[in-house]
Amino acid sequence: MTDHPLSFWVVIPAAGVGSRMRADRPKQYLPLNGRCLIEHTLDCFLDQPGLSGLVVCLSPDDEWWPELACACDPRITRADGGRERADSVLNGLQALTALGAGEQDWVLVHDAARPNLAQSDLQTLLATLQHDPIGGLLAVPVRDTLKLAGPDGRVSSTPDRSLFWQAYTPQMFRLGALRTALSDALAAGVAITDEASAMEWAGQAPRLVEGRADNIKVTRPEDLEFLRRR
Ligand SMILES: Nc1ccn([C@@H]2O[C@H](COP(=O)(O)OP(=O)(O)OP(=O)(O)O)[C@@H](O)[C@H]2O)c(=O)n1
Ligand SMILES: C[C@](O)(CO)[C@H](O)COP(=O)(O)O
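Residues numbered from 1 in each chain as written. Chains lettered and ligands numbered in written order. Predicted model: local features only at pLDDT ≥ 70, side-chain atom pairs only at ≥ 80, totals over all residues. Heavy atoms only, no water.

**Regarding the packing of aromatic side chains**
Reasoning step 1: The final tally for this structure, using the stated rule, is one aromatic pair.
Reasoning step 2: Arranged with centres 5.6 Å apart and planes meeting at 25 degrees, the rings of Tyr-29 and Trp-64 form a pair that is stacked. Pair noted here: Tyr-29 is in the loop between strand S1 (8-14) and strand S2 (31-32) and Trp-64 is in the loop between strand S4 (51-58) and strand S5 (76-80), with a separation of 35 residues, a long-range link.
Reasoning step 3: The buried category is assigned to Tyr-29, whose relative accessible area is 2%.
Reasoning step 4: Directly above the aromatic system of Tyr-168 lies the positively charged group of Arg-114, at a separation of 4.7 Å from the ring centroid. (Phe/Tyr/Trp six-rings, centres within 6.5 Å; stacked < 30°, edge-to-face > 60°. Helix = DSSP H or I, 4+ residues; strand = E, 2+ residues; numbered from the N terminus. Buried < 20%, exposed > 50% of the residue type's maximum accessible area, 1.4 Å probe, protein only. Lys NZ or Arg CZ within 6 Å of the ring centre and 35° of its normal.)

In C-alpha cells form, the structure reads like this:
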C-alpha cells in the first residue's frame, strides 16, 4: 500500500509594498542569494509532493512578477491582492474555489516575505495537522522576556512569557471554513492580521505547531541582512 502524499493548496499573499524595508521595490522582489526573495518562498511548496495548486496574490501594479521564470509554472495562478493582507488572502481563497478546490481541501497560507521556510517545517505542519478537526499554524515559543509597554513608553509589567508564542506561516485550514471565517470577520470590521485570528473569531482553537525560529518574515532591512549572511 503506497502512502499518497497529503493533497493541499497554497495561497501566497504577495501584494504588499514593503514600506518598512524602505527599498526601491516591494521586498518580495529584492535579491537574496542570486534570486528574488519570492522565488525562494515558492520553491518550498513547488518541491513538496501533494501540491494541487498555488495562488499568488499580487498588486495590480506589480511589474516584477512576469519577469520571473516561475510566472510560467502551470501550477501557479495569479490573483489580485487587496487593501490589507487579509483582503489579499480572501481573494486568493476565492480564486482557489474558482479553480475547483473543494470546501474540505486543506489550504496553506504563507507570506511571500518568509523565504526561509524549511522543507522539514512544511512537512511537520502537514503531517501534524492532516487529521486535525480545525487546522493550525507554525509558531515559535517566545524565548525573550516580554515587557508590556505603558503609555509613557516605560515598562508597565512583565507577563509570563511561558504562555506566549510568535505566530508564523504557513497557517493551514480547510478552504471553506477559512474563507467563511475570514469573509465574516472582515465584514464585521474585525482587524485580522493572520488566518488563525479569523478562525479564533469564528470560535475555533487552531493548533500551535512548533517550527524553526529562522522562518523569519523579512520586514525591515536587518532581516534581509540576516538571511544574506547565512
Ligand atoms: N495588502 C497586502 C499587504 C501585505 N501583503 C503580503 O502579506 C505579507 C506580510 O505582510 P507585510 O510583512 O506587512 O508586508 P508589507 O505590507 O509589504 O510590508 P509593510 O507593512 O512594511 O508595507 C507579505 O508577503 C505581503 O506582500 C499582501 O499580500 N497584501
Ligand atoms: C501573518 C503573520 O506573518 C503572522 O505573524 C503576520 O501577522 C503578518 O503581519 P504583517 O504586519 O502583515 O506583516
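**What to know about unusual backbone geometry**
Reasoning step 1: The linkage connecting Thr-169 with the following residue, Pro-170, adopts the cis geometry, with an omega of 10 degrees.
Reasoning step 2: Positioned with a positive phi, Asn-33 is a non-glycine residue whose angle comes to about 50 degrees.
Reasoning step 3: Tracing the sequence through the fold places Asn-33 in the loop between S2 and strand S3 (35-36).
Reasoning step 4: Residue Asn-33 is classed as exposed on the basis of its relative accessible area of 57%.

**Quick notes on the site of ligand 1**
Reasoning step 1: Looking at ligand 1, there are 19 residues lining it, with Gly-18, Ser-19, Arg-20, Lys-27 and Ser-88 nearest.
Reasoning step 2: Between ligand 1 and Gly-18, the relevant distance is 2.7 Å, taken from an oxygen atom to a main-chain nitrogen or oxygen of the residue.
Reasoning step 3: Within the complex, 87% of the 560 Å² of free accessible area of ligand 1 lies under protein.
Reasoning step 4: Comparing atom positions with the cavity grids shows ligand 1 to sit within the largest pocket.
Reasoning step 5: Of all elements in the fold, only S1 and helix H2 (85-98) reach the threshold of two or more residues within the shell around ligand 1.
Reasoning step 6: Tallied by class, the residues present in the shell around ligand 1 amount to six nonpolar, six polar and seven charged. (Near = heavy atom within 4 Å. Polar contact = N/O pair within 3.5 Å; in protein donor to acceptor, adjacent residues only side chain to side chain. Areas by Shrake-Rupley, 256 points an atom, 1.4 Å probe, with all protein chains shown as cover. 1 Å grid on protein atoms, 1.4 Å probe; cavity = no way out; pocket = protein on both sides within 12 Å on 5 of 7 lines; lining within 4 Å. Sits in = over half its atoms within 2 Å of the grid points. Nonpolar A, V, L, I, M, F, W, Y, C, P; charged D, E, K, R; others polar.)

**Comments concerning the pairing of S1**
Reasoning step 1: For S1, the tally of buried residues reaches seven of seven residues, placing the bulk of the element in the interior.
Reasoning step 2: Neither face of S1 is open: one carries Phe-8, Val-10, Ile-12 and Ala-14, the other Trp-9, Val-11 and Pro-13, and all of them are buried.
Reasoning step 3: Where S1 lies against S4, seven bridges are found, and the strand directions are parallel. Bridge pairing links Val-11 to Val-55 in S4.
Reasoning step 4: In this structure, S1 lies alongside strand S6 (residues 106-109), joined through three bridges in parallel fashion. Paired with Trp-9 across the strands is Val-107, a residue of S6. (Pairing = 2+ DSSP bridges.)

**Brief notes about the site of ligand 2**
Reasoning step 1: The environment of ligand 2 is formed by Arg-20, Arg-85, Asp-111, Arg-114, Ala-167, Thr-169, Thr-193, Asp-194 and Lys-217.
Reasoning step 2: Separating an oxygen atom of ligand 2 from a side-chain N or O atom of Asp-111 is a distance of 2.6 Å.
Reasoning step 3: Lys-217 has a polar side-chain atom sitting 2.7 Å from an oxygen atom of ligand 2.
Reasoning step 4: About the coverage of ligand 2: the protein hides 73% of its 360 Å² of free accessible area.
Reasoning step 5: Of the residues contributing to the shell around ligand 2, the split by class is one nonpolar, two polar and six charged.

**As for the packing of H2 against helix H4 (residues 175-187)**
The packing of two helices is summarised by the inter-axis angle and the distance between the axes.
Reasoning step 1: Orientation of H2 relative to H4, taken along the N-to-C sense of each, is 140 degrees, at an axis distance of 10 Å. Accordingly, the angle class assigned to the pair H2 and H4 is oblique. Considering how the two elements wind past one another, H2 and H4 form a crossing that is left-handed. Residue-level inspection shows Ala-86, Asp-87, Val-89, Leu-90, Leu-93, Gln-94, Leu-96 and Thr-97 of H2 in contact with H4, the latter providing Leu-175, Leu-178, Arg-179, Leu-182, Ser-183 and Leu-186.
Reasoning step 2: Considered class by class, the residues forming the contact of H2 with H4 number nine nonpolar, three polar and two charged. (Axes fitted to C-alpha atoms, helices over the stretch in contact; angles between N-to-C directions. Parallel < 35°, antiparallel > 145°, perpendicular 65-115°, else oblique. Left-handed = near helix turned anticlockwise from the far one by under 90°. Contact = heavy atoms within 4.5 Å.)

**Quick word on the side chain of Asp-62**
Reasoning step 1: Tracing the chain through its elements places Asp-62 in the loop between S4 and S5.
Reasoning step 2: For the buried residue Asp-62, which engages in no salt bridge, the nearest side chain bearing the opposite charge is Arg-78, 5.0 Å off.
Reasoning step 3: Those residues in contact with Asp-62, other than ones at most four positions away along the chain, are Tyr-29 and Arg-78. (Lys, Arg positive; Asp, Glu negative; His and termini not counted. Salt bridge = Lys/Arg side-chain N within 4 Å of Asp/Glu carboxyl O.)

**Some thoughts on the UniProt feature "site: Transition state stabilizer" (unreviewed entry) in the protein chain**
Reasoning step 1: Under the present numbering, the feature "site: Transition state stabilizer" (unreviewed entry) in UniProt falls on Arg-20 and Lys-27. The subset of the named residues that lines the largest pocket consists of Arg-20 and Lys-27.
Reasoning step 2: One can find Arg-20 in the loop between S1 and S2.
Reasoning step 3: Given the relative accessible area of 51%, Arg-20 is considered exposed. (UniProt positions renumbered as here; feature names shortened; annotations may be inferred.)

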